[in-house]
Amino acid sequence: MGALFSGLHKDKGLQIILGLLFGVVFGFLLQKGGVTSYNVIIAQLLLTDFTVMKVMLSAVIVGMIGLALLKHFGYVQPHPASGTIGSNVIGGLIFGFGFALLGYCPGTVAGAVGAGALDALIGGVVGILVGTAIFAELYPVIKNRLLIKGPLPAITVQELLRLNIWLTIIIMEAAMIGFLLLLEYVGY
Amino acid sequence: MTGNNFSFYRRVRILNYAVILRNEVIIILELLTQATWSPYVAGAGIGVLVCLAFLLSNRPIGCSSGFVKADGLIEKTIRPSHVEKEEYYREIVPEVDWAFMIIPGIVIGAFISSMLSGQFHFILVPTTWSATFGNTPVLRVIIAILGGAFLGFGARWAGGCTSGHGISGSIQLSLASMITAACFFAGGIATAMFLFYVIGSA
């Protein structure tokens, strides 16, 4: 089974088609989930509506157990990357600032374009292309000065907690499901 | 006689199957044409999709690197030698591949979804924005470009966006991804509150 898919992984032409197909389904689900709308995303950031959180946490709840099972049976070998305070915390906060100004993220901006949002096209897409181009220019300067600073103590949550992977997953799943139930309970 | 009965019952049975099949087709069509799905259903679908991406393409679902590739491809037509020298474009190679194609894919998928439900419509100034900052398209577009620039810059600084870190990274139990996602929302919530409740109410 692994060998079958490793051939597929190396097939560049097929992967181009797969990338497009994954995008089509992803865009379809984002639009159906309601998260390609500026109003829904801003309402999440203003904490008046939790649709974005519900979509993201449902994806993680299902995907976390699914990927762990695929890994357990040897079908996939995911390699989560290590992180740093300099890269992940600072970059995350810069992203958050832009997220609130634009009202879309890099995936949902493409979905919003598909649903007819012109501010996403002539504002968002153009802005993101400018921002990522500036980053590409600055990358050699900030790479060793900022991005590698403050390495995180562990790569994965189970390493940090020094727990068995399945126990970690049970705790994480319970916390996420509990949070969603709490949201429903308080009326969001 | 028995032969006739047999064919009669068979015809009834086939008709029954046809009705069941027709009902299922109707259910699927109704689902596809609904304006929105429960966020739990859409989210669960995305979770399955990320697992399939690992299985079939050996990679997470991420969007921001597609924009870097688009940059490199555009820049290549203007100054190809500069692109070759650029260190970042050696790490994220500007080519039409999986990570690039997901972006037009998302546009198409959202277009299909919104057309099927009749939700597709052109907007320039979203209603939440116009209720606070007015209907001027220029202001909305300028802030959107500015926001997009910070968003793209921050996504590459952090090594991923809402889908790459927030969903795919968290699914892998990556500590860096969960911290990044928390920072996306911490920065986003603080900025949105300031924008709408402080600047917007002034």
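The structure presented is a predicted model; accordingly, all values stated were derived computationally and were not measured.

About the criteria used
- Residue numbers run consecutively from 1 along every chain, following the written order of its sequence.
- All chains are assigned letters beginning with A, and all ligands numbers beginning with 1, in the order in which they are written.
- Two thresholds apply to this predicted model, a pLDDT of at least 70 for residue-level local features and 80 or more for giving and counting side-chain atom pairs, whereas whole-chain, interface and lining totals are computed over all residues.
- Calculation of side-chain values draws on the structure's entire complement of heavy atoms; hydrogens and water are dropped beforehand.
- By definition in these notes, contact holds between two residues if any of their heavy atoms fall within 4.5 Å.
- Buried surface area refers to the total accessible area, computed with a probe of radius 1.4 Å, that the two partners give up upon joining, counted for both partners together.
- Each salt bridge in this description consists of a side-chain nitrogen of Lys or Arg and a carboxyl oxygen of Asp or Glu lying within 4 Å of one another.
- Strands are runs of DSSP state E lasting at least two residues, helices are runs of H or I lasting at least four, and both sets are numbered from the N terminus onward.
- Residue polarity is assigned by list, with Asp, Glu, Lys and Arg as charged and Ala, Val, Leu, Ile, Met, Phe, Trp, Tyr, Cys and Pro as nonpolar; anything else, Gly included, falls into the polar class.
- By nonpolar core we mean a set of buried residues, namely Ala, Val, Leu, Ile, Met, Phe, Trp, Tyr and Cys, connected to one another through side-chain atoms within 4.5 Å.
- Only protein chains enter the area calculation, which uses a 1.4 Å probe; residues under 20% of their type maximum are buried, those over 50% are exposed, and those in between are partly exposed.
- Here the aromatic set is Phe, Tyr and Trp, taking the six-membered ring for Trp, and pairing holds for ring centres within 6.5 Å; pairs whose planes are under 30 degrees apart are stacked, those over 60 apart are edge-to-face, and all others are tilted.
- Per residue, pLDDT measures the predictor's confidence, with a range of 0 to 100.

1. Let's talk about the interface of chain A and chain B
Inference 1: Each side of the interface is counted separately: chain A has 118 residues, and chain B has 117 residues.
Inference 2: Here chain A packs against chain B, burying approximately 10100 Å² in sum over the two surfaces, 76% of which is carbon and sulfur.
Inference 3: It is Phe-22, Phe-26 and Lys-32 of chain A that lose the most area in chain A upon contact with chain B, and together they represent 8% of the buried surface on that side.
Inference 4: In this structure, the connection of chain A to chain B is made through 4 salt bridges.
Inference 5: Where Arg-79 of chain B meets Glu-137 of chain A, a salt bridge forms, and the shortest distance between an N and an O atom there is 3.4 Å.
Inference 6: When residues of the side of chain A that touches chain B are assigned to their parent elements, the largest contribution, 23 residues, is made by helix α7 (residues 118-147) of chain A.
Inference 7: Of the residues belonging to the side of chain A that touches chain B, the class tally is 74 nonpolar, 37 polar and 7 charged.

2. A look at the nonpolar core
Inference 1: In this structure, Phe-26, Phe-95, Phe-99, Tyr-104 and Val-109 of chain A together with Ile-46 and Ile-61 of chain B are the most contacted members of the largest nonpolar core, which totals 85 residues.
Inference 2: Broken down by element, this core gets its largest block of residues, 12 residues, from helix α4 (residues 51-72) of chain A.
Inference 3: For Val-109 of chain A, the residues in contact, after removing those within four places along its chain, are Leu-102, Tyr-104, Ala-120, Gly-124, Val-125 and Ile-128 of chain A together with Phe-67 of chain B.
Inference 4: Counting residues in hydrophobic clusters, the runner-up holds 13 residues, among them Ala-136 of chain A together with Tyr-88, Tyr-89 and Phe-153 of chain B.

3. Thoughts on the packing of aromatic side chains
Inference 1: Under the definition given, this model contains 19 aromatic pairs over all chains.
Inference 2: Considering the side-chain rings of Tyr-139 of chain A and Tyr-88 of chain B, the 4.6 Å spacing of their centres and the 50 degrees angle between planes classify their relative orientation as tilted. Of this pair, Tyr-139 of chain A sits in helix α7 while Tyr-88 of chain B is found in helix α5 (residues 87-91), placing the two residues in two different chains. For the pair Tyr-139 of chain A and Tyr-88 of chain B, a shared accessibility class is recorded, and that class is buried.
Inference 3: What links up through ring pairs into an aromatic cluster is the set Phe-135 and Tyr-139 of chain A together with Tyr-88, Phe-153 and Trp-157 of chain B.

4. Quick word on the confidence of the model for chain B
Inference 1: Across chain B, pLDDT averages 94, with 97% of residues at or above 70.
Inference 2: For this predicted complex, the interface score ipTM comes out at 0.96, while the overall pTM is 0.94.

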